[in-house]
Amino acid sequence: MLRARRWARRPRNTASPGRQASVYDFSTGWFATISKDSPVEVRLYGTEESVYTRIVRLVLLAKEVDFALIEADPFDGGKLPGDYDLRHPFKRIPAIEVDGMRLYETDAIVQYIDALIEHPKLTPPNAEDAARMRQIMRIVDNYAYRPLVWGLYVPVWWREGLEPAGEAIEQSRHVLGVLDSFFDSSPDACFNGWTLATFHLAGVLGAADSVAQGSALIDERPRLREWWNGLRMEPIMVKTRSTHTQF
Ligand SMILES: N[C@@H](CCC(=O)N[C@@H](CS)C(=O)NCC(=O)O)C(=O)O
């Protein structure tokens, strides 16, 4: 149960304006609202370079939630906080703590934040669009992150211009084509306004577009390219840009 510092009782289903979080209190049957006067305390563990940590940072910034980014670097030469295996037993990043509630796995984290902080809602109201949004997030996790980030971006950016493998280029081309097809089938799931999928996709495109090979593959999808060119200049994208990505 989330511990709010100040509870404002309001009857069920009463809309609450502005940036507020509503939490259902099972003991009273009321919604508790956390307002700007009683903010949630958020500690995000990760690094500024991490694609997945950036997704959570984007969602928190979209919701105008203050948070502390605590350095946790699972890569060679990096340091993890002493208690990190309690926060993430698989020692990946990100992990989050929201008013004492610990959570890991980006999908679960962003869904929790979206449920907790009402405004702006990042899950489409329509059930099919919400399912498509989640589908895009799963596609990014399962089929886009590996080829676009580890297949294109990491070799070129971090390994002094190593040429990406042909397989990574083909897999990247394929997944970008699949993601592009959502412009036809369900643009509200990701492209017409901000949703959780918008930020999931932004994380990997920011890395891929930072290297010539990834940039050229995005160019092959003109409407994806146009949409992404707009998104990458949004203030929250600029604010979360790492020194190791161009966008
Ligand atoms: N399934 C995890 C994936 C997170 C992930 O792979 N994070 C990367 C950094 S962007 C990581 O921690 N890599 C460390 C490693 O692979 O050992 C999630 O959704 O949060």
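Predicted model only: the values in this text are computed from it and were never measured. (Residues numbered from 1 in each chain as written. Predicted model: local features only at pLDDT ≥ 70, side-chain atom pairs only at ≥ 80, totals over all residues.)

1. Section: the sheet that holds strand 4 (residues 42–46)
Think of a sheet as strands paired side by side through backbone hydrogen bonds, with each pair either parallel or antiparallel.
Working step 1: In space, the four strands of this open sheet follow the order 5-4-6-7, with mixed pairing throughout. Looking at the sheet topology across the chains shown, the edges are occupied by strand 5 (68–71) and strand 7 (101–104). The sheet shows a mean angle of 20° between the axes of neighbouring strands, taken without regard to direction.
Working step 2: Note: strand 4 against strand 5, four bridges, orientation parallel. Residue pairing across strands places Arg43 opposite Ala68, the latter belonging to strand 5. (Pairing = 2+ DSSP bridges. Helix = DSSP H or I, 4+ residues; strand = E, 2+ residues; numbered from the N terminus. Axes fitted to C-alpha atoms, helices over the stretch in contact; angles between N-to-C directions.)

2. Observations concerning the site of the ligand
Working step 1: What surrounds the ligand is the set Ser50, Val51, Tyr52, Pro74, Arg92, Ile93, Glu105, Thr106 and Asp107.
Working step 2: Broken down by secondary-structure element, the contributors of at least two residues to the shell around the ligand are helix 1 (51–62) and helix 3 (106–116).
Working step 3: Grouping the amino acids of the shell around the ligand by side-chain chemistry returns four nonpolar, two polar and three charged. (Near = placed C-beta within 6 Å. Nonpolar A, V, L, I, M, F, W, Y, C, P; charged D, E, K, R; others polar.)

3. Some remarks on the environment of Leu224
Working step 1: Among the secondary structure elements, Leu224 is positioned in helix 9 (residues 222–231).
Working step 2: The exposure class assigned to Leu224 is buried, which follows from the 22 C-beta atoms found within 10 Å.
Working step 3: Here Leu224 is in contact with Leu176, Leu179, Asp180 and Ile218, once residues within four sequence places are set aside. (Buried ≥ 20, exposed ≤ 12 C-beta atoms within 10 Å, placed from the backbone. Contact = placed C-beta atoms within 7 Å.)

4. Some words on the confidence of the model for the protein
Working step 1: For the protein, the mean per-residue pLDDT works out to 88, and 85% of the residues sit at or above 70.
Working step 2: Here residues 1–19 scores under 50 on pLDDT; set against residues more than four positions off or in separate chains, the count is 34 contacts.
Working step 3: Note that pLDDT drops below 50 for residues 22–36; the model gives that stretch 34 contacts with residues more than four away or on any other chain. (pLDDT = per-residue confidence, 0-100.)

5. Side note on unusual backbone geometry
Leaving glycine aside, a negative phi is the common case for residues, and trans is the common case for peptide bonds.
Working step 1: Backbone torsion omega between Ile93 and Pro94 reads 10°, so that peptide bond is classified as cis.
Working step 2: Put simply, His119 and Pro120 share a cis peptide bond, and its omega is -5°.
Working step 3: Take Pro120: it is sitting in the loop between helix 3 and helix 4 (127–158).
Working step 4: At Lys91, a residue that is not glycine, the phi angle is positive and equals roughly 55°.
Working step 5: With respect to the helices, strands and loops of the structure, Lys91 is situated in the loop between helix 2 (84–87) and strand 6 (95–98).
Working step 6: The class of Lys91 is partly exposed, set by 13 C-beta atoms lying within 10 Å.

6. A look at the pairing of strand 7
Working step 1: Strand direction decides the pairing type here: strand 6 and strand 7, joined by four bridges, are antiparallel. Each bridged residue has a counterpart across the sheet, and for Ala95 the counterpart in strand 7 is Tyr104.
Working step 2: Connecting the antiparallel pair strand 6 and strand 7 is a turn made up of two residues, with Asp99 showing a positive phi of about 45°.

7. Description of helix 5 (residues 166–180)
Working step 1: For helix 5, which comprises 15 residues, the first-to-last C-alpha distance of 21 Å matches the rise-based estimate of 21 Å (1.5 Å per residue) to within 8%.
Working step 2: Among the residues of helix 5, Ala168, Ser172, Val175, Leu176 and Leu179 are the ones counted as buried. The arc enclosing the buried residues of helix 5, seen along the axis, measures out at 105°, which places them on a common side. Facing away from the buried side of helix 5, by more than 90 degrees, are the exposed residues Gly166 and Glu167. (Expected span 1.5 Å × (residues − 1). Arc of directions from axis to C-beta.)

8. Some details on the packing of helix 4 against helix 5
Working note: a packed helix pair is described by the angle between its axes plus the distance between those axes.
Working step 1: Two elements in contact, helix 4 and helix 5, have axes whose closest approach is 9 Å; the angle formed by their N-to-C orientations is 150°. Of the possible angle classes, the one that applies to helix 4 and helix 5 is roughly antiparallel. Remark: the crossing between helix 4 and helix 5 carries left-handed chirality. Note on element contacts: helix 5 touches helix 4 through Ala168, Gln171, Ser172, Val175, Val178 and Leu179, opposite Ile136, Ile139, Tyr143, Ala144, Pro147, Leu148, Gly151 and Leu152.
Working step 2: Taken together, the residues of the contact of helix 4 with helix 5 sort by class into 11 nonpolar, three polar and no charged. (Parallel < 35°, antiparallel > 145°, perpendicular 65-115°, else oblique. Left-handed = near helix turned anticlockwise from the far one by under 90°.)

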